[in-house]
Amino acid sequence: SMPLVISLHAPVYTDGGGNSTDNASELDALVSKYEKVHYFTGHTHKMYNIDKLSEKKIYEHNAGAVCATWWWTGHLTSNKIHIGQDGAAGGYLIMNVNGKDFKWQFKATAKPLEHQFRTYDGNEIHLTTAKYTPSANDTYKKKFEELVGNWGTSNKDNYIYLNVWNYDPEWKVEVTENGKALKVEQMTAKDPLHLISYSSIRYNGNNDLTFGTSNTKHFFRAKASAANTTVTIKVTDRFGNVYTEEMSRPKVFGLDTYK
């Protein structure tokens, strides 16, 4: 009847909820009689949560890494930026346990507890080889272009992007503009800040990536009415903690903005 906590290195599930380890189903069967099970895992240097509490009474916290991208981004950006391959801040999970009650928050290193997401002004993101990999040879320029995908195209469609790294389906992401709620869409994307704080710098030196920017599912977007409006972002976690940002636009995209 008591909650069970199991700590592992490799994740049990993928970020899509499928099995990551070969014997994940066997492990699930072993713990199936417990009323609540928490898996704490790592390995990926990313953050994602798999909530199977209603189905299997299991919740997996793949809780990022203190070292983020093995300390690379801080090294390459003179310690301005410290983030993982999915754009999640380097840090750790704080778990508060009271009897059978579990509550948790992610804590980004050297940031206040309120630092739970990051916003981008899509109009300001244009990742070109001329700007970000000018010293790379043709091979690495092509690799950069392929990696950045749509971020390599200049878009003025007024989208606001959010990376909410400790998100799970019980969270709520809201964006309003002049008091009007905007439609928020969850999407899969590569975090643009990681692209310029690690991947572009490595490619610019004609080096391969050991911890290249990866797709993440905890990415969101909302379309504003114009390029220069202020939007209000409100993110509420599963325990009712509220995190907000008044985002003045245009919001410059660059390392200095996010240091």
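**Concerning the packing of aromatic side chains**
Under the definition given, this model contains 15 aromatic pairs. When the ring of Tyr120 is compared with that of Phe253, the centres are 5.9 Å apart and the planes differ by 65°; the resulting orientation is edge-to-face. Pair noted here: Tyr120 is in strand β7 (residues 118-121) and Phe253 is in the loop between β14 (242-247) and α6 (255-258), with a separation of 133 residues, a long-range link. Residue class for Phe253 comes out buried when judged on its relative accessible area of 8%. Between Trp151 and Tyr161, the aromatic rings sit 5.1 Å apart at their centres with planes inclined by 75°, giving edge-to-face as the arrangement. Placement of the pair is Trp151 in the loop between α4 (138-148) and β8 (159-163) and Tyr161 in strand β8, with a sequence separation of 10 residues. Here Trp151 and Tyr161 have matching classes, each one buried. One aromatic cluster in this structure is built from Tyr120, Trp151, Tyr159, Tyr161, Phe219, Phe253 and Tyr258. We note Arg202 situated over the ring of Trp72; from NZ or CZ to the ring centre the distance is 4.8 Å.

**Looking at the sheet that holds β7**
If you walk across this open sheet you meet the four strands as β7-β8-β12-β11, and the pairing is antiparallel. Every other strand in the sheet has two partners, leaving β7 and β11 (184-190) as the edge strands with one partner each. For this sheet the average axis-to-axis angle between neighbouring strands, irrespective of direction, equals 35°. Note: β7 against β8, four bridges, orientation antiparallel. Directly across from Arg118, in β8, lies its bridge partner Asn163. Along the sheet face, helix α5 (residues 192-204) touches β7, β11 and β12 (215-223) and points at about 90° away from the line of β7.

**Concerning the sheet that holds strand β4 (residues 58-63)**
If you walk across this open sheet you meet the four strands as β1-β2-β4-β3, and the pairing is mixed. At either end of the open sheet lies a strand with only one pairing partner, and these are β1 (4-7) and β3 (47-52). Across this sheet, the average inter-strand angle for adjacent strands is 10°, counted without regard to direction. Relative to β4, β3 runs antiparallel, the two sharing six bridges. Bridge pairing in β4 links Asp51 to Tyr59.

**Concerning the environment of Val231**
Position of Val231 relative to the elements: it lies in strand β13 (residues 231-236). Along the primary structure Val231 and Arg249 are separated by 18 residues, whereas in three dimensions their C-alpha atoms are 8.0 Å apart. With residues up to four places along the chain from it excluded, the contact list for Val231 reads Ile160, Val175, Thr176, Glu177, Leu182, Ala224, Glu245, Glu246, Met247 and Arg249.

**Some remarks on the nonpolar core**
Judged by nonpolar contacts, the single largest core of 22 residues is most densely connected at Tyr120, Leu127, Trp151, Leu193 and Phe253. Put simply, the parts of the chain that give this core at least two residues each are α4, β8 and α5. Leaving out residues up to four positions away in the same chain, Trp151 has contacts with Ile125, His126, Leu127, Tyr161, Lys190, Pro192, Leu195 and Phe219. Phe117, Leu162, Val175 and Phe220 belong to the second largest nonpolar core, which has 17 residues in total.

**Regarding the environment of Leu195**
Structurally, the position occupied by Leu195 is in helix α5. Counting along the chain gives 63 residues from Leu195 to Tyr132, while the straight-line C-alpha distance between them is 9.5 Å. Ignoring any residue separated from it by four or fewer positions in sequence, one finds Leu195 in contact with Leu127, Phe144, Leu147, Val148, Trp151, Lys190, Ser200 and Thr213.

Reading guide: rules and limits
- Residues numbered from 1 in each chain as written.
- Predicted model: local features only at pLDDT ≥ 70, side-chain atom pairs only at ≥ 80, totals over all residues.
- Heavy atoms only, no water.
- Phe/Tyr/Trp six-rings, centres within 6.5 Å; stacked < 30°, edge-to-face > 60°.
- Helix = DSSP H or I, 4+ residues; strand = E, 2+ residues; numbered from the N terminus.
- Buried < 20%, exposed > 50% of the residue type's maximum accessible area, 1.4 Å probe, protein only.
- Lys NZ or Arg CZ within 6 Å of the ring centre and 35° of its normal.
- Pairing = 2+ DSSP bridges.
- Axes fitted to C-alpha atoms, helices over the stretch in contact; angles between N-to-C directions.
- Contact = heavy atoms within 4.5 Å.
- Core = buried A, V, L, I, M, F, W, Y, C linked by side-chain atoms within 4.5 Å.

All we've got here are geometric facts, nothing functional implied.
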